[in-house]
Amino acid sequence: MTAVSYGTYALPTRIAVLSMMQTVHSDATLVARLRGGDGAAFEELVRTHMGRMLRVARRFLMNEEDARDAVQDAFVSAFRSIGSFEGTAMLGTWLHRIVVNASLVKLRTRRRHPEEDIEPYLPQFAGDGHQLEPSVPWTEPADTALERVELANMVRAAIDRLPDTYRVVLLLRDIEELLPAEVAGMLGITTNAVKIRLHRARQALRTLLDPQMRGEVK
Amino acid sequence: MTCEEAIAYLADYLDGLLEPDERARFERHLSLCESCTAYLAMYRDTIRMTRAAAAAPLLEAEEVPEDLVQAIVASVRG
């Protein structure tokens, strides 16, 4: 066993490193038990990661039944492919990616409703290319707004109002922080389409947040 | 550069993907256009608030629905 010294690192860094090492160790133990066919290990995996998996699926699907289905599909998929888990990523990260994929599959298969047009939420321009309605800065700086407890719920609700085509790209790029090429591959679209949809989604979200950021809605 | 062109460049500008001459034209437009300067600030704040909202803890606790746990465990045993 290799001796490792952490003496030169600050205490919070040492705690973070030790915590990560413990996670990697417990992941490795759990994966070994799963591969060995230990039934209790799978239940432990489900219980440990269920909360976070449901949160991700709900964000994509906005429907409890679909979210539960996606989480179930994700855990079953993880169970079947545990042999391919390489241990280079943490188990939670690996499961996170699986539930994002399961949610996207669910989104594609559920009945499609006609989407709301995003154009009304985008800035409008005059014939000479200037903004028809000049933009005015928000009265509440984002830094202050971010301290408000209800802001997170307000932003989440505004994201949920975006048409799916744009909402999913915003979730994958700005929240999951995947690269444009990864998003393009997952959605079967070009990287240019990813860029266009992301830009439109952010602009529409800005429009939806505008009344709250001007204190017009409490 | 018009406002329409400048706003189309926003994402690439924030990601540092504009060519030097495009960046110079974009910044020249911003220096002359209060409206686009305001729009850029709000666009940047929108991205920050999106990330902050996703990272924020939910008001309700992250629950573990027992029936779902049992359904999942049963489905791999089945």
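Residues numbered from 1 in each chain as written. Chains lettered and ligands numbered in written order. Predicted model: local features only at pLDDT ≥ 70, side-chain atom pairs only at ≥ 80, totals over all residues. Heavy atoms only, no water.

J.: Which residues make up the overall build of chain A, and what are the values?
T.: Looking only at helices and strands, one finds 9 helices and 0 strands in chain A. For chain A, the N- to C-terminal ordering of α and β elements is α-α-α-α-α-α-α-α-α. Counting the 218 residues in chain A, one finds 42% classified as buried. Put simply, 67% of the contacts in chain A that link residues at least 6 apart link residues at least 24 apart. About 12,000 Å² of surface is accessible on chain A, with carbon and sulfur atoms providing 55% of the total. (Helix = DSSP H or I, 4+ residues; strand = E, 2+ residues; numbered from the N terminus. Buried < 20%, exposed > 50% of the residue type's maximum accessible area, 1.4 Å probe, protein only. Contact = heavy atoms within 4.5 Å. Areas by Shrake-Rupley, 256 points an atom, 1.4 Å probe, with all protein chains shown as cover.)

J.: Can you explain the interface of chain B and chain A? Please cite residues and give values.
T.: Interface extent is often summarised as the accessible area lost during association of the parts. With 45 residues of chain B in contact, the opposing surface of chain A contributes 54 residues. The interface formed by chain B and chain A holds 5 salt bridges in total. In this structure, the salt-bridge partner of B:Glu66 is A:Arg47, at a minimum N-O distance of 2.8 Å. Applying the counting rule to chain B against chain A returns 14 residue pairs in polar contact (both at pLDDT 80 or more). Of all the secondary structure elements, the ones that give two or more residues to the side of chain B that touches chain A are α1 (3–8), α2 (10–14), α4 (34–55) and α5 (66–77) of chain B. With 17 residues, α4(B) is the single largest residue contributor to the side of chain B that touches chain A. The residue makeup of the side of chain B that touches chain A, split by class, is 28 nonpolar, 6 polar and 11 charged. (Salt bridge = Lys/Arg side-chain N within 4 Å of Asp/Glu carboxyl O. Polar contact = N/O pair within 3.5 Å; in protein donor to acceptor, adjacent residues only side chain to side chain. Nonpolar A, V, L, I, M, F, W, Y, C, P; charged D, E, K, R; others polar.)

J.: Can you tell me about the packing of helix α3 (residues 64–80) of chain A against helix α4 (residues 91–109) of chain A, naming the residues and giving the values?
T.: Residues and elements named next belong to chain A. Direction vectors running N to C along α3 and α4 enclose 130°, while the axes themselves pass 8 Å from each other. Here α3 is positioned oblique relative to α4, judged by the angle of their axes. Where α3 crosses over α4, the two elements pack in a sense that is right-handed. Across the interface between the two elements, Asp 66, Asp 69, Ala 70, Val 71, Asp 73, Ala 74, Ser 77 and Ala 78 from α3 touch Trp 94, Leu 95, Ile 98, Val 99, Ala 102, Ser 103 and Lys 106 from α4. Taken together, the residues of the contact of α3 with α4 sort by class into 9 nonpolar, 2 polar and 4 charged. (Axes fitted to C-alpha atoms, helices over the stretch in contact; angles between N-to-C directions. Parallel < 35°, antiparallel > 145°, perpendicular 65-115°, else oblique. Left-handed = near helix turned anticlockwise from the far one by under 90°.)

J.: Account for the nonpolar core, with residues named and values stated.
T.: Of all hydrophobic cores here, the largest spans 76 residues; its most connected members are A:Phe42, A:Met50, A:Phe60, A:Val71, A:Phe75, A:Leu172 and A:Leu209. A total of 11 residues in this core trace back to one element, the largest contributor, which is helix α2 (residues 39–61) of chain A. Ignoring sequence-local partners within four residues, the contact set of A:Leu209 consists of A:Trp138, A:Met154, A:Val155, A:Ala158, B:Thr46 and B:Met49. If you look at the next biggest cluster of nonpolar residues, it comprises 15 residues, including B:Ala6, B:Phe26, B:Cys36 and B:Ile47. (Core = buried A, V, L, I, M, F, W, Y, C linked by side-chain atoms within 4.5 Å.)

J.: Go over the packing of aromatic side chains with me, naming the residues and quoting the values.
T.: Residue and element names in this part refer to chain B. Tallied over the entire structure, the rule returns 3 aromatic pairs over all chains. Plain terms: the ring middles of Tyr 13 and Phe 26 are 4.3 Å apart, the flat faces sit at 35° to each other, and that makes the pair tilted. Separated by 13 residues along the polypeptide, Tyr 13 in helix α2 and Phe 26 in helix α3 (residues 20–32) bring together distant segments of the chain. Like Phe 26, Tyr 13 is buried. (Phe/Tyr/Trp six-rings, centres within 6.5 Å; stacked < 30°, edge-to-face > 60°.)

J.: Explain unusual backbone geometry to me, and be specific about the residues and the numbers.
T.: All names here are of chain A. Even without glycine at this site, Met 62 takes up a positive phi of about 55°. We classify Met 62 as partly exposed; its relative accessible area is 35%. A positive phi angle is found at Glu 177, which is not glycine, with a value near 55°. If you trace the backbone, Glu 177 turns up in the loop between α7 (164–175) and α8 (180–187). Since its relative accessible area comes to 52%, Glu 177 is described here as exposed.

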